[in-house]
Amino acid sequence: MSKFLVILYVVWLAASGYVNGSIIKKEKDQIRVFELKKGDLTLKVTNWGATLVSLVLPDKYGKLGDILLGYDSPEAYTNDTTYFGATIGRVANRIGGAQFTLNGIHYKLIANEGNNTLHGGPRGFSDVLWKVIKYQRDGDRPIIKFSYHSFDGEEGFPGDVLVTVSYILSEEWSLSIVMKAKALNKATPVSLVNHAYWNLGNHNSGNILNQVVQIFGSKFTPVDDNLIPTGNFSSVQGTPYDFLKPQVVGSRIDQLSKTNGYDINYVLDNDEDEIRVAAIVTDKRSGRVMKIATNQPGLQFYTANYVKNEKGKDGFVYQPRSALCLETQAFPDSVNHPNFPSTIVTPEKPYNHLLFFKFSTTHAPHGFSES
């Protein structure tokens, strides 16, 4: 009987796309890169993990540059451990103890960071092939829309879920990301994130310590030694987490020795607004400015603390603090904290995550004002 179960498990691994830990050749052969272009902004994405590969736009001198960390080859993303540019799910960030209880049923997930589940598990949405269901390269509204059917029991999560992610260049120097999910038969937690690593000075310009960040969150969710939220809320005032006014990233980062930098969830202000400004980033050297708005309650600020000797585009080797991640999201481990905004999705209550980026330069703003 046990031998039969082993055979069944091997068959399941093959059907899931894994044999001996590697992706089957058929799946690799379907990996593609797609380009969206509007004016002098060019975006590239891949159907592996519905991942952002590059975003090229001018600096204040008119010189084009790529402001996303990543790899030269789309196949390289299949071995990525940094989540460069990926769509994260079924539940982004951490779930404490790799478990939760929903509607009286206890669910045990697959742990992949100590005893916890990180970014959906060992094979989350960042490590699957997505289907392209709409693609328009240029014109008035360049768009690509991906879909993925997450099966009941995938990484331990309940229910089938149909997920779509759209990347849209609807206005000049802007990027919209729309992430949707519909539970098909069971209630389940869903929290999707885009895990872009931004460096407004160009992906190969070195660290981001001199870039200036403003985060519109007056509270954060403190964490324990395993980076799991305690369930409390703390004020940013008097702490290195205070970015209510624009601050140079490197000015207080060395006070965070435990995590080697920033890795914390902010509670965004103005929660009465459907869409709220979450953060503004400025790089004085290039003159680039990035403004982020969302309908989500939280923002994870991460300074690439654990990226080390990662060979990226053009052979450039990325190191810690080489990028900023500003991930709009639900709060981490929400499924285990009733006082956090709910992440439970049902057939009657779908998931809808809106994320907007507006880019400008200090001498020639486009769209959002600086005020």
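Parameters and conventions
- Numbering of residues starts from 1 in each chain and follows the order in which that chain's sequence is written.
- Residue-level local features of this predicted model are given only where pLDDT is at least 70; pairs of side-chain atoms are given and counted only at 80 or more, and the full residue set underlies all totals for whole chains, interfaces and linings.
- Hydrogens are left out, water is left out, and the side-chain values use all remaining heavy atoms of the structure.
- UniProt positions are given in the numbering used here, feature names are shortened, and annotations may be inferred rather than shown by experiment.
- Think of it this way: any DSSP run of H or I at least four residues long counts as a helix, any run of E at least two long counts as a strand, and we number them from the N terminus.
- Per-residue accessibility, obtained with a 1.4 Å probe over protein chains only, is compared with the maximum for each type, and a residue is labelled buried under 20%, exposed over 50%, and partly exposed between these values.
- A 1.4 Å probe that fits into a set of points on a 1 Å grid over the protein atoms alone but cannot get out defines a cavity; an open set with protein on both sides within 12 Å along at least five of seven lines defines a pocket, and lining residues are those with an atom within 4 Å of a point.
- Grid points are joined across faces, edges and corners, and a volume is the space filled by probe spheres set on the points.
- Think of it as three bins: nonpolar holds Ala, Val, Leu, Ile, Met, Phe, Trp, Tyr, Cys and Pro, charged holds Asp, Glu, Lys and Arg, and polar takes everything else, Gly as well.
- For this analysis, residues touch if any pair of their heavy atoms sits within 4.5 Å.
- Only when DSSP finds a minimum of two bridges between them are two strands counted as paired.
- Counted as a polar contact is a pair of N or O atoms within 3.5 Å, where, for protein atoms, one must be capable of donating a hydrogen and the other of accepting one, and residues adjacent in sequence contribute only when both atoms are in side chains.
- Note on definitions: salt bridges are taken to be side-chain nitrogens of Lys or Arg within 4 Å of carboxyl oxygens of Asp or Glu.
- Classification of ring pairs uses Phe, Tyr and Trp, with its six-membered ring standing for Trp, and accepts pairs whose centres are within 6.5 Å; under 30 degrees between planes counts as stacked, over 60 as edge-to-face, and the remaining range as tilted.
- In this scheme, the term charge over a ring applies when either NZ of a lysine or CZ of an arginine sits within 6 Å of the ring centre and within 35 degrees of the ring normal.

By the naming in an unreviewed UniProt entry, the protein chain is Aldose 1-epimerase, taken from Arachis hypogaea. Heading Catalytic activity (unreviewed entry) of the UniProt record for the protein chain holds this comment: "alpha-D-glucose = beta-D-glucose".

**With respect to the environment of Lys-219**
Note that Lys-219 resides in strand β19 (residues 219-220). A relative accessible area of 43% places Lys-219 in the partly exposed class. Along the primary structure Lys-219 and Thr-117 are separated by 102 residues, whereas in three dimensions their C-alpha atoms are 25 Å apart.

**Remarks on the layout of surface pockets**
If you add up the space inside the second largest pocket, you get close to 330 Å³. What lines the second largest pocket is a set of 18 residues, among which Tyr-83, Leu-118, His-119, Tyr-302 and Tyr-306 lie closest to the centre. When grouped by side-chain class, the residues that make up the lining of the second largest pocket number 6 nonpolar, 7 polar and 5 charged.

**Re the UniProt feature "active site" (unreviewed entry) in the protein chain**
Residues annotated by UniProt as "active site" (unreviewed entry) correspond here to His-195 and Glu-327. For the annotated residues, spread through 133 residues, the largest C-alpha to C-alpha distance comes to 6.3 Å, consistent with a single compact locus. If you take the residues mentioned a moment ago, the ones lining the second largest pocket come down to His-195 and Glu-327. Looking at the element boundaries, His-195 is found in strand β17 (residues 193-195). Owing to a relative accessible area of 3%, His-195 belongs among the buried residues under this scheme. Those residues in contact with His-195 that lie beyond four places of it in its chain are Thr-82, Tyr-83, Phe-84, Gly-85, Ala-86, Ile-88, His-119, Tyr-302, Cys-325 and Glu-327.

**Here's the deal with empty space enclosed by the protein**
Applying the stated rule across the entire model yields 6 cavities of 30 Å³ or more. Reported here for the largest cavity is a volume of approximately 80 Å³. Along the wall of the largest cavity there are 15 residues; nearest its centre are Val-91, Phe-331, Asp-333, Ser-334 and Thr-343. Among the residues making up the lining of the largest cavity, the classes are represented as 8 nonpolar, 5 polar and 2 charged.

**A short note on the sheet that holds strand β28 (residues 325-329)**
Reading across the sheet, the 5 strands line up as β20-β19-β22-β25-β28 and stay open at both edges, with antiparallel pairing between neighbours. Of all the strands in the sheet, the pair left with one neighbour each is β20 (234-235) and β28. Pairing of strand β22 (residues 263-267) with strand β25 (residues 298-302), which is carried by 5 bridges, proceeds in the antiparallel orientation. Looking at the pairing, Asp-263 lines up with Tyr-302 of β25.

**Considering the pairing of β25**
Judged by how many residues are buried, β25 sits mostly within the fold: 5 of 5 residues are covered. In the sheet, β25 pairs with β28 via 5 bridges, with the strands oriented antiparallel. Directly across from Phe-301, in β28, lies its bridge partner Leu-326.

**Section: the side chain of Asp-66**
On the secondary structure map, Asp-66 appears in strand β6 (residues 64-66). Residue class for Asp-66 comes out buried when judged on its relative accessible area of 14%. For Asp-66, the side chain forms a polar contact with the main-chain nitrogen of Leu-55, separated by 3.2 Å. A polar contact is formed between the side chain of Asp-66 and the side chain of Lys-313, at a distance of 2.5 Å. Not counting residues within four places of it along the chain, the set of residues in contact with Asp-66 comprises Ser-54, Leu-55, Val-56, Asn-202, His-203 and Lys-313.

**What about the sheet that holds strand β13 (residues 143-150)?**
Taken together, 9 strands build an open sheet; the order of strands is β12-β13-β14-β15-β30-β24-β23-β18-β21 and the sheet is antiparallel. Every other strand in the sheet has two partners, leaving β12 (131-136) and β21 (247-248) as the edge strands with one partner each. Examined bridge by bridge, strand β23 (residues 276-282) and strand β24 (residues 288-294) share 6 bridges and lie antiparallel to one another. When the sheet's bridge partners are listed, Arg-276 is paired in β24 with Thr-294.

**What about the pattern of salt bridges?**
Applying the stated rule across the entire model yields 8 salt bridges. Of the charged contacts in the structure, one is a salt bridge between Asp-66 and Lys-313, with a shortest N-O distance of 2.5 Å. On the criterion of sequence distance, the pair formed by Asp-66 in strand β6 and Lys-313 in the loop between β26 (310-311) and β27 (317-318) is long-range, its members being 247 residues apart. For the pair Asp-66 and Lys-313, a shared accessibility class is recorded, and that class is buried. Where salt bridges share partners, they join Glu-35, Arg-137 and Asp-138 into one cluster.

**Description of the packing of aromatic side chains**
Under the criterion given, the structure shown has 26 aromatic pairs. Aromatic side chains Tyr-197 and Tyr-302 sit 6.3 Å apart centroid to centroid with 80 degrees between the ring planes, which places their arrangement in the edge-to-face category. On the criterion of sequence distance, the pair formed by Tyr-197 in the loop between β17 and β18 (212-215) and Tyr-302 in strand β25 is long-range, its members being 105 residues apart. Just as Tyr-197 is buried, Tyr-302 falls in that class too. Pairing Trp-198 with Phe-357 gives two aromatic rings, centres 5.0 Å apart and planes at 50 degrees, and the pair type is tilted. Remark: Phe-357 occurs in strand β30 (residues 351-361) and Trp-198 occurs in the loop between β17 and β18; sequence separation between them is 159 residues. Residue Trp-198 shares its accessibility class with Phe-357, and that shared class is buried. Sitting over the ring of Phe-243, Arg-252 keeps its end group 4.9 Å from the ring centre.

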